[in-house]
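What follows is the residue order along each chain.
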Amino acid sequence: MDEGQKLRILSKLTAFERDGDINLESCIYMASTPRGKVPVLKVMQTTMCDKNCTYCAFRRDRDITPRLYIPPEELAKSFMKLYNSDKVKGLFLSSGIFGHSEFIMEKMIDTVKILRSKYDFKGYVHLKLMPGISLQTLEEAVKVADRVSINIETSKEERIKRIAKGKSILQDILPKMEAVNKLLQNYRDKSQITQMMVGVDGEKDEEIIRSVHFLNRHYRLSRIYFSAFFPVKGTPLENRPPESPLREHRLYQVDFLIRNYQFELEDLKSVLVDGNLPLDREPKEAWAQANPELFPVELNTADYHILIRVPGIGRETAKEIIKRRREKKLGSPQDLKGIRNLKKILQYATLNGRYYGVRQ
């Protein structure tokens, strides 16, 4: 099937009704953006896809997937109707890949350009980058969007070749991340994220954590999102059991430890059990329990970087403790009144040399 034939198919798949109105309210969700939580329209330009990823509801061979296409002008118009009704503040635009990646990525960029130029929309836009696009098209996407992302999906090249044939981490995804990272140096308020699936190909947490550490150190991603595997009917993995959402949550916590608390791979190795994070404890607490020689920490003298490694102490709590001890020496739990997670903190700390926790 050539590109002309595919374009004619897309024109017949338009989601627009004859009266020129699309109801996309079911596609609204609360998204975490650089500007905080906002209601965002999360929609696909087309649900047609040539790819046959084993886990995806929109894979080529899944016959029960509704196949629709929304032309750029119509999608922009429908978005503005929701925006003007104060139902959404931003747009998250993704797509299936039907025809060449360049073709559908250009349609997505056209949608945003119409929003920016015709409707003077200055709000938040997140564009999903299609695998295989040129660097020129990638640069156009960065210009018009506030945030871009290309999903790495999994932790190793051999895994992505099993679950998403035709995609490549080494030849396509990482070079695109690098290109975006360089472009973002010219912008103040734009960002890049990615997503990894959890439990789709038997990978252990240690392997995922290594990838997370590498991505954070090399590409300065603003976030890495994790998605616990859930089987989709009509896909090759439909009979595989779902992954625990708690495992996903623990990986988010590890990502924050690496990104915001200066934890390194060597720190986290002591937490792993047979290559996986314990599900019954937060990773920071598991690390503290695996390194008892470092505790308890004296809250009157520990510097900021030591304080943020104490279970229960986040960055703001560490700043508050430092502020209070400048005013007077911390002598009892009463001096920490109002501090969150105080009971947990006192398990791993002393106040003026005295331990107020419960000996385990």
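Residues numbered from 1 in each chain as written. Predicted model: local features only at pLDDT ≥ 70, side-chain atom pairs only at ≥ 80, totals over all residues. Heavy atoms only, no water.

### Overview of helix α12 (residues 315–327)
Inference 1: For α12, which comprises 13 residues, the first-to-last C-alpha distance of 19 Å matches the rise-based estimate of 18 Å (1.5 Å per residue) to within 8%.
Inference 2: Those residues of α12 lying buried are Thr317, Ala318, Ile321, Ile322, Arg324 and Arg325. The buried side chains of α12 occupy one side of the element, clustering within an arc of 165 degrees when seen end-on. Opposite the buried face of α12, by more than 90 degrees, sit the exposed residues Glu316, Arg326 and Glu327.
Inference 3: Next to the buried residues of α12 lie α11 (304–307) and α13 (342–347). (Helix = DSSP H or I, 4+ residues; strand = E, 2+ residues; numbered from the N terminus. Expected span 1.5 Å × (residues − 1). Buried < 20%, exposed > 50% of the residue type's maximum accessible area, 1.4 Å probe, protein only. Arc of directions from axis to C-beta. Contact = heavy atoms within 4.5 Å.)

### So, the environment of Thr111
Inference 1: Of note, Thr111 is situated in helix α3 (residues 101–117).
Inference 2: Along the chain, Thr111 and Arg60 lie 51 residues apart, while their C-alpha atoms are 24 Å from each other.
Inference 3: Those residues in contact with Thr111 that sit more than four places away from it in its chain are Gln45, Pro72, Leu75, Ala76 and Leu93.

### A few points about helix α2 (residues 72–84)
Inference 1: The first and last C-alpha atoms of α2 sit 18 Å apart over 13 residues, in line with the 18 Å expected at 1.5 Å per residue.
Inference 2: Turning to α2, its buried residues number three or more, namely Pro72, Leu75, Ala76, Ser78, Phe79, Met80 and Leu82.
Inference 3: Contacts made by the buried residues of α2 are with β1 (28–33), β2 (36–44), β3 (90–94) and α3.
Inference 4: Directly beyond the C-terminal end of α2, a positive phi value near 65 degrees is found at Asp86.

### Description of the confidence of the model for the chain
Inference 1: Of the residues in the chain, 93% reach a pLDDT of 70 or more, and the chain-wide mean stands at 92.
Inference 2: No element of the chain has a lower mean pLDDT than helix α1 (residues 3–12), at 55, and none a higher one than strand β8 (residues 297–298), at 98.
Inference 3: Note that residues 16–20 has pLDDT below 50 and, in this model, seven contacts with residues that lie over four places away or in other chains. (pLDDT = per-residue confidence, 0-100.)

### A look at the sheet that holds β3
As a general point, the strands of a sheet are linked pairwise by backbone hydrogen bonds and lie either parallel or antiparallel.
Inference 1: Pairing in this open sheet of seven strands is mixed, and the strands run β1-β2-β3-β4-β5-β6-β7 from one edge to the other. In the strand order of this sheet, the two ends are held by β1 and β7 (223–228), each with one partner. Averaged over all pairs of adjacent strands, the angle between their axes in this sheet comes to 30 degrees, without regard to strand direction.
Inference 2: Relative to β3, β2 runs parallel, the two sharing five bridges. Each bridged residue has a counterpart across the sheet, and for Val40 the counterpart in β3 is Gly90.
Inference 3: Of the strands in this sheet, β3 and β4 (124–128) are in contact with α3, which crosses β4 at around 175 degrees.
Inference 4: Of the strands in this sheet, β5 (147–149) and β6 (191–198) touch helix α6 (residues 169–184), which is tilted by about 155 degrees from β6. (Pairing = 2+ DSSP bridges. Axes fitted to C-alpha atoms, helices over the stretch in contact; angles between N-to-C directions.)

### Some details on the pattern of salt bridges
Inference 1: Scanning all chains against the criterion turns up 30 salt bridges.
Inference 2: Taking the shortest distance from any N to any O, the salt bridge between Lys167 and Glu153 comes out at 3.8 Å. Of this pair, Lys167 sits in the loop between α5 (157–163) and α6 while Glu153 sits in the loop between β5 and α5, and the two are 14 residues apart along the sequence. Take Lys167 and Glu153: they sit in the same class, and that class is buried.
Inference 3: Ionic pairing is found between Glu243 and Arg247, a salt bridge with its closest N-O pair at 3.0 Å.
Inference 4: The partly exposed category is assigned to Glu243, whose relative accessible area is 22%.
Inference 5: Residue Arg247 is classed as buried on the basis of its relative accessible area, which comes to 9%.
Inference 6: Ionic contacts of the salt-bridge type, sharing partners, join the residues Lys156, Arg159, Arg162, Asp201 and Glu207 into one network. (Salt bridge = Lys/Arg side-chain N within 4 Å of Asp/Glu carboxyl O.)

### Observations concerning the packing of aromatic side chains
Inference 1: With the rule as written, the count across this model stands at nine aromatic pairs.
Inference 2: Measuring from ring centre to ring centre gives 5.8 Å for Trp287 and Phe295, while their planes differ by 85 degrees; the resulting arrangement is edge-to-face.
Inference 3: Taking the relative accessible area as the measure of exposure, Trp287 reaches 5% and is therefore buried.
Inference 4: Taken together, a centroid distance of 5.7 Å and an interplanar angle of 75 degrees make the contact between Phe295 and Tyr348 edge-to-face. Here Phe295, found in the loop between α10 (283–290) and β8, pairs with Tyr348, found in the loop between α13 and β9 (349–351); they are 53 residues apart in sequence, far enough to count as distant.
Inference 5: You can call Tyr348 buried: its relative accessible area is 10%.
Inference 6: Through a chain of ring-to-ring contacts, three or more aromatic side chains come together here, namely Phe263, Trp287, Phe295 and Tyr348.
Inference 7: A cation over an aromatic ring shows up here: Arg309 above the ring of Trp287, its NZ or CZ 5.3 Å from the ring centre. (Phe/Tyr/Trp six-rings, centres within 6.5 Å; stacked < 30°, edge-to-face > 60°. Lys NZ or Arg CZ within 6 Å of the ring centre and 35° of its normal.)

### Thoughts on unusual backbone geometry
Inference 1: In this structure, the amide linkage connecting Phe295 to the following residue, Pro296, adopts the cis form with an omega of 0 degrees.
Inference 2: Structurally, Pro296 can be placed in the loop between α10 and β8.
Inference 3: In this structure, Arg220 is a non-glycine residue whose phi angle is positive, near 50 degrees.
Inference 4: Checked against the element boundaries, Arg220 lands in the loop between α7 (205–219) and β7.
Inference 5: A relative accessible area of 54% means that Arg220 is categorised as exposed.
Inference 6: The residue Asp274 is not glycine, and still its phi comes out positive at about 55 degrees.
Inference 7: Residue position: Asp274 is located in the loop between α9 (265–269) and α10.
Inference 8: What makes Asp274 exposed here is its relative accessible area of 66%.

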